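Chains, contacts and geometry: an overview
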Amino acid sequence: MIPRNIKHLPEHLYPPREWSIIETNFDEDWMGPAETVFNLANGFLGIRGMFEEGRPSVEAGTFCNGFHDTWPIVHAEEAYGFARTGQTIVNVPDPTLLKLYVDDEPLYLPTARVTEYTRELDFRTGVLRREMNWSSPAGKQVQIRSRRLVSLEHRHLGVISYELEIDTDAPVVISSQLLNRQDSMGTDEPRTGSNGDPRKGRHFVERVLNAKSHHQADLRTVTGYRTTNSRMTLGTGMDHTIETENEWHTNCTWGEDLSKVVFVIDAKAGVPIIITKYFTYHTSRAVPTQELVDRCNRTLDRAIEDGYRKVEEEQKVFLDRFWKHSDVVVDAEPRVQQAVRWNIFQLCQASARAETAGIPAKGLTGQAYEGHYFWDTEVYVAPFLTFTEPRIARNLLRFRHSMLDKARERAGELSEAGALFPWRTINGEEASSYYAAGTAQYHINADIAYAIKHYVESRRDYDLLAEVGAEILVETARLWVHLGFFNPDNGQFHIHGVTGPDEYTTVVNDNTFTNLMARANLRYAAQTARWIKDERPEAYSHLVHETGIQDEEIVLWTEAADAMYVPYDEKRGINPQDDNFLEKERWDFANTPRDHYPLLLNYHPLVIYRHQVIKQADVALALVLLGDEFDLAAKRRNFDYYDPITTGDSSLSACMQSILAAEIGYEEKALEYFQYALFMDLANVAGNVVDGVHIASTGGVWMTLTYGFGGMRSYQGRLAFDPRLPKSWSGMHFPLRWGESRIKVNLTHDEYRFDLLEGPPVECTVCGKPVTINEDVPLKITPCSVLDE
């Protein structure tokens, strides 16, 4: 991989703390990245870390998972089967605004004299706190304390507590606003395009949110919107309480793009003012706006009755439970532990209350990738959820099943059988306008099948397999046998004209990753069909009704899997990325300027496609996901060949390279790549953290810790550990769910200890030896011998 500079957060601004991220001074240069780093979300609602004052802001954003508008994809040259409908997540009205005026002078951080400042995101409470002292232009000292959260317990609710106190009598105005930045011309000029960067989101020019309903009473305002094209509906509102002994009154106004509740206060010296702002969002594909307004009112009624303190207490209880199941303790320097927990906290925020939706590539932290769901969820995020929060993993698989009918339609459009899941989507329709690096990535079918298999084998959840998993497996298997073909000369099964995970090599024949994953898909589909027929006859009858599955198909799937061609180069002892990859010229890395990375922003795709150069880990990913099909020597040979030509232009690579490097004994490289993944956002390794969190990379961080350094694997329903604890770490500890059991893994250089915390005994292998983890006595094992470098 091409070396990347890791520019760590400056310690004088962001001191290392194991359970929080702290900002000790306002710095305009870090404002954009900080809006990402200090984001709050719960999987349904996400808010970037904007200031309550509203200005300044680099990429202000508030998002509801799945809430999008559509637009026609215009191709310069049309062709049959191209994606037609673009989908972009909507930047919904911003609830964070509490603009402060003292003596009619606004608080504006870039020019304000701030004598004290601290902003802290606490991973244990899920609360973003800020404390600051503003010396106003008139010399009055204003102490400000705010607390903000997006509730994990209450999916549709967020709260801000805003407290201030002044040292001298003064008129104070606090303008609480709900601002539609998406359509407000004066505050956020709409833009089109993405400045040539395909990773960025599209900014609408036309109006997106159209107000259809409104309710206002006392300190509450609620508005119902309908989007222009997708016709989705949104209800959003805010309500307030105020606690103060000062005299005050309010002015309330409503507009389609801006609602205000303005508190006018005759503030006395030393008399505190506490305003609590409750805000809520509800979305739907079809429900009328008035019903969503009613739902918002009910949410706000409950929140006002409960009060801020109870909401925060419930947040703490939720996160206590989350960390009990998910925390990874690394006995290393505090900055590493801080970054580990920040990454895991992002996984919580991206997934906790997703429930009826997927997980966007940026979670709900930005508009990049337009809020689309990719294969990232199944390959990089689902393992974490399967082993820590299986309820959410199950929901995500059910969500994929809800898109199956549209996947069937898409397969038909491409003249294929079965189903083809979209490469990128929100509503189930393909939204990738560039088919070579999008639609051609048929491996997404196998990635989904892999996630189903991994979840079912880890959780023993055969009900989910029978209810939704089997139908997906049948339709994805059908696609593979129709897409591929048997070579009449030797009987081998080939898959041509596809793109693997590496988007710098497109539309190739026999991509190794795709063929291996398709083979696993076919075998698991056949195995599942036979099992359901024998063990769940009623479920099999339903499967036949839904899919028309026939016995002859099951036989064909097995035959195709057994005959699957997997490229192999005898001379080098490696698996070529595809059948012709090794015939290409190697990219001239030595003469490529550092500022020309990522290559996709500096070279025409055709220039990239004709070279051996890799964006996303491809063969390396196969060696991790299907590692039981390769011996250690083969893994080392493949790593040695592909590592030097992998650019690191994708955030998906470093974690998988670290896992593989750890397994083959390359500890230094494993740690190097782990650092890239760990600080992908906190150190802005990719240079685009302002656009949002790289959620797949955060999942990859957890996988690197547990799979890479913890040596954990689960192949064919068997749990195994072969740890590779770095010499510079004194230990690592993490919890894990397996079936109905929960265990704790404790690794040091002197001892591997496994504790059964709940559930039946767990059978596994440690360093290749079969063992059983029992409740009564912890399992203690002498560490495995270290591999030669």
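Residues numbered from 1 in each chain as written. Predicted model: local features only at pLDDT ≥ 70, side-chain atom pairs only at ≥ 80, totals over all residues. Heavy atoms only, no water.

Brief notes about the sheet that holds strand E11 (residues 127-135)
- The antiparallel open sheet is built from 10 strands, whose spatial order is E1-E2-E10-E11-E12-E13-E20-E17-E16-E15. Each edge of the sheet is formed by a strand with only one pairing partner; in this case those strands are strand E1 (16-17) and strand E15 (209-217).
- Here 9 bridges tie strand E10 (residues 113-122) to E11, and the two strands are oriented antiparallel to one another. Following the sheet pairing, Asp122 is matched in E11 by Val127. (Pairing = 2+ DSSP bridges. Helix = DSSP H or I, 4+ residues; strand = E, 2+ residues; numbered from the N terminus.)

Focus on the pairing of strand E27 (residues 718-721)
- Residues Leu719 and Phe721 of E27 are buried on one face, while the alternating residues Arg718 and Ala720, pointing to the opposite face, are not.
- Looking at chain direction, strand E26 (residues 712-715) and E27 are connected through 4 bridges and run antiparallel. Bridge pairing in E27 places Met712 opposite Phe721.
- Here E26 folds back onto E27 in antiparallel fashion, the turn holding 2 residues, of which Gln716 has a positive phi close to 55°.
- Pairing of E27 with strand E31 (residues 762-766), which is carried by 3 bridges, proceeds in the parallel orientation. Across the sheet, Phe721 pairs through a bridge with Val766, a residue of E31. (Buried < 20%, exposed > 50% of the residue type's maximum accessible area, 1.4 Å probe, protein only.)

Focus: the pattern of salt bridges
- In total, this model carries 51 salt bridges according to the counting rule given.
- Close ionic contact of Arg48 with Glu35 constitutes a salt bridge, the shortest N to O distance being 3.3 Å. Placement of Arg48 in the loop between strand E4 (45-47) and strand E5 (62-64) and of Glu35 in helix H1 (residues 31-37) is noted, with a sequence separation of 13 residues between them.
- For Arg48, a relative accessible area of 1% gives the class buried.
- Glu35 gets classed as buried once you look at its relative accessible area, which sits at 2%.
- The salt bridge involving Asp320 is made with Lys316; its shortest N-O contact spans 2.9 Å. On the criterion of helical spacing, the pair formed by Asp320 and Lys316 is a turn pair, its members being 4 residues apart in helix H3 (residues 308-326).
- Taking relative accessible area as the criterion, Asp320 reaches 39% and is therefore assigned partly exposed.
- Through salt bridges with shared partners, one network takes in Asp405, Arg408, Glu471, Glu475, Arg478 and Glu553. (Salt bridge = Lys/Arg side-chain N within 4 Å of Asp/Glu carboxyl O.)

Re the sheet that holds strand E29 (residues 741-748)
- Pairing is antiparallel in the open sheet, where 5 strands are placed in the order E21-E28-E29-E30-E33. Strands at the two margins of the open sheet, each flanked by one partner only, are strand E21 (329-330) and strand E33 (779-781).
- With 3 bridges connecting them, strand E30 (residues 752-758) and E33 associate as antiparallel partners. Bridged to Arg753 within E33 is Lys780.

So, the state of the cysteines
- Taken as a whole and judged by the stated rule, the model has 0 disulfides.
- Cys64 takes part in no disulfide bond, and the closest cysteine sulfur, belonging to Cys296, lies 9.4 Å away.
- Exposure remark for Cys296: the relative accessible area of 0% places this residue in the buried category. (Disulfide = S-S within 2.5 Å.)

Re the pairing of strand E16 (residues 220-227)
- The element E16 is largely enclosed, with a buried count of 8 among its 8 residues.
- In E16, alternate side chains face the same way, and those of Arg220, Val222, Gly224 and Arg226 on one face and Thr221, Thr223, Tyr225 and Thr227 on the other are all buried.
- Bridge count between E15 and E16: 8 bridges; the pairing is antiparallel. Among the inter-strand pairings, His215 is bridged to a residue of E16, identified as Val222.
- Count of turn residues in the E15/E16 antiparallel hairpin: 2 residues, of which Asp218 carries a positive phi of about 55°.
- One ladder, built from 6 bridges, connects E16 with strand E17 (residues 233-244); its direction is antiparallel.

What about the packing of helix H10 (residues 512-535) against helix H11 (residues 537-547)?
- Between H10 and H11, the shortest axis-to-axis distance is 6 Å and the interhelical angle comes to 125°. Comparing their axes, H11 and H10 come out oblique. Once H10 is placed against H11, the crossing between them reads as left-handed. Along the contact surface, H10 presents Ala529, Ile532, Lys533, Asp534 and Glu535, while H11 presents Pro537, Ala539 and Tyr540.
- Its residues assigned to classes, the contact of H10 with H11 comprises 5 nonpolar, no polar and 3 charged. (Axes fitted to C-alpha atoms, helices over the stretch in contact; angles between N-to-C directions. Parallel < 35°, antiparallel > 145°, perpendicular 65-115°, else oblique. Left-handed = near helix turned anticlockwise from the far one by under 90°. Contact = heavy atoms within 4.5 Å. Nonpolar A, V, L, I, M, F, W, Y, C, P; charged D, E, K, R; others polar.)

Comments concerning the nonpolar core
- Residues Leu100 and Phe721 are the most contacted members of the largest nonpolar core, which totals 232 residues.
- Looking at this core, the element that brings in the most residues is helix H9 (residues 462-483), giving 13 residues.
- Setting aside chain neighbours within four positions, we find Leu100 in contact with Glu105, Pro106, Leu107, Trp134, Val142, Ile144, Tyr162, Leu164, Val172, Val173 and Ile174.
- Core analysis: the second largest hydrophobic core is formed by 12 residues, Leu157, Cys296, Leu300 and Tyr308 among them. (Core = buried A, V, L, I, M, F, W, Y, C linked by side-chain atoms within 4.5 Å.)

Thoughts on the packing of H9 against H11
- At a minimum axis distance of 10 Å, the contact between H9 and H11 shows a crossing angle of 45°. Viewed along their axes, H9 and H11 adopt a mutual orientation that is oblique. Here H9 runs over H11; the crossing is right-handed. Together, Ala466, Ala470, Glu471, Val474, Glu475 and Arg478 of H9 and Ala539, Leu543, Glu546 and Thr547 of H11 make up the contact between the two elements.

Some thoughts on the environment of Val264
- Here Val264 is to be found in strand E19 (residues 258-267).
- Accessibility expressed as a relative area gives 24% for Val264, which makes it partly exposed.
- A sequence separation of 15 residues divides Val264 from His249, and the C-alpha atoms of the two residues are 5.4 Å apart.
- Residues in contact with Val264, not counting those within four places in the same chain, are Val172, Glu247, Trp248, His249 and Asn251.

What to know about the packing of aromatic side chains
- Taken as a whole and judged by the stated rule, the model has 30 aromatic pairs.
- Relative to Phe51, the ring of Phe26 lies with its centre 5.6 Å away and its plane at 65°, an arrangement referred to as edge-to-face. In this pair, Phe26 is assigned in the loop between strand E2 (20-23) and H1 and Phe51 in the loop between E4 and E5, connecting sequence segments 25 residues apart.
- Geometrically, the ring pair formed by Phe639 and Tyr666 is edge-to-face, given 5.6 Å between the ring centres and 75° between the ring planes. Of the two residues, Phe639 sits in helix H15 (residues 632-642) while Tyr666 sits in the loop between helix H16 (653-663) and helix H17 (667-678), which places them 27 residues apart along the sequence. Considered together, Phe639 and Tyr666 belong to a single accessibility category, that of buried residues.
- An aromatic cluster is defined as three or more aromatic residues linked by ring pairs; in this entry it consists of Trp19, Phe322, Trp323, Phe384, Phe387, Trp702, Tyr707 and Trp738. (Phe/Tyr/Trp six-rings, centres within 6.5 Å; stacked < 30°, edge-to-face > 60°.)

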